[in-house]
Amino acid sequence: MAKKSVQAAPETEEPKPVSATDKKGKATPKRPNQSKARPPVNPPLTNKEKREAAKKAGPLTKEQKKQAREDVRAERARIAEGQWKGDPLFDKYHLPRDRGAERLLVRDIVDSRWSIGQYYMFAAFAILILSTGSVQLQSYLFIALLVLTAAIVIESVLLTRRVKRIVLKRFPKTTQRMGGLYWYAIQRGIMPRSMRNPRARMSYKATEDDLGKIVK
């Protein structure tokens, strides 16, 4: 009987160590492999790669050189036309001082009105040449230069007021400094119309609604 009781007794299992998985109640997910950034399909060529490609292509024929020159001239003409029209796609070809819709509007404001300042350079050059005459003539020329300078100052004040009114009306939330726009307008105003860059695209008959429009 003693042997049977010993055999009938259930064997006790040894306790297993508790793992980290048992504490959470679920398996710890594996960290996904971080994908590496893929290079572009058609990466731009460096200057060195361009030179090597040109060497491999060999020398150009006369017709190819002629066609390349014509393509360059056509591209320059297209850029010049886009700048003249004020197309925003060509705005990047302007100097930093001429970029932006506000600067385009200021240029149109200046170019749409006749001004005394646009003849200032010619008048100053003429006075410089004539000042080599008599003392009496020099005094008259000095007075004329003072009168011309005073007229340009008054005209510049009126121009800045017009710039402020129209720019703030079109761009009430502009980030441009008004002082910079005023100086930009004055500098362009005392420049001869034929020497202004970008070229003047407004006539003297242009209305206020025509100013600053993008012509495509």
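The rules we used
Residues numbered from 1 in each chain as written. Predicted model: local features only at pLDDT ≥ 70, side-chain atom pairs only at ≥ 80, totals over all residues. Heavy atoms only, no water. Axes fitted to C-alpha atoms, helices over the stretch in contact; angles between N-to-C directions. Helix = DSSP H or I, 4+ residues; strand = E, 2+ residues; numbered from the N terminus. Parallel < 35°, antiparallel > 145°, perpendicular 65-115°, else oblique. Left-handed = near helix turned anticlockwise from the far one by under 90°. Contact = heavy atoms within 4.5 Å. Nonpolar A, V, L, I, M, F, W, Y, C, P; charged D, E, K, R; others polar. UniProt positions renumbered as here; feature names shortened; annotations may be inferred. Salt bridge = Lys/Arg side-chain N within 4 Å of Asp/Glu carboxyl O. Buried < 20%, exposed > 50% of the residue type's maximum accessible area, 1.4 Å probe, protein only.

The chain is annotated in an unreviewed UniProt entry as DUF3043 domain-containing protein of Glycomyces artemisiae.

Engineer: An account of the packing of helix α6 (residues 120-130) against helix α7 (residues 135-170) is needed here, citing residue identities and associated values.
Structural biologist: Where α6 meets α7, the closest approach of the two axes is 10 Å, and the angle between their N-to-C directions is 165 degrees. Comparing the axis directions of α6 and α7 gives the class roughly antiparallel. The crossing of α6 and α7 is left-handed. Side by side, α6 and α7 meet where Tyr120, Ala123, Ile127 and Leu130 of the first sit next to Leu137, Leu141, Leu145, Leu148, Thr149 and Ile152 of the second. Taken together, the residues of the contact of α6 with α7 break down into nine nonpolar, one polar and no charged.

Engineer: Give me the UniProt feature "transmembrane region" (unreviewed entry) in the chain: which residues, what numbers.
Structural biologist: The sites that carry the UniProt feature "transmembrane region" (unreviewed entry) are, in the present numbering, residues 117-134 and 140-160. This span, residues 117-134, is 61% helix and 0% strand, and a straight line between its end C-alpha atoms measures 27 Å.

Engineer: Residues and numbers for the pattern of salt bridges, please.
Structural biologist: Going through the model one piece at a time under the given rule, you end up with six salt bridges. Between Asp108 and Arg201 there is a salt bridge, with its nearest N and O atoms 2.8 Å apart. Residue Asp108 is located in helix α5 (residues 101-111), and its partner Arg201 is located in the segment after α8 (178-189); the two are separated by 93 residues in the primary sequence. Asp108 gets classed as buried once you look at its relative accessible area, which sits at 1%. The class of Arg201 is buried, set by a relative accessible area of 15%. Counted as one network, the salt bridges with shared partners bring together Asp111, Arg188 and Arg196.

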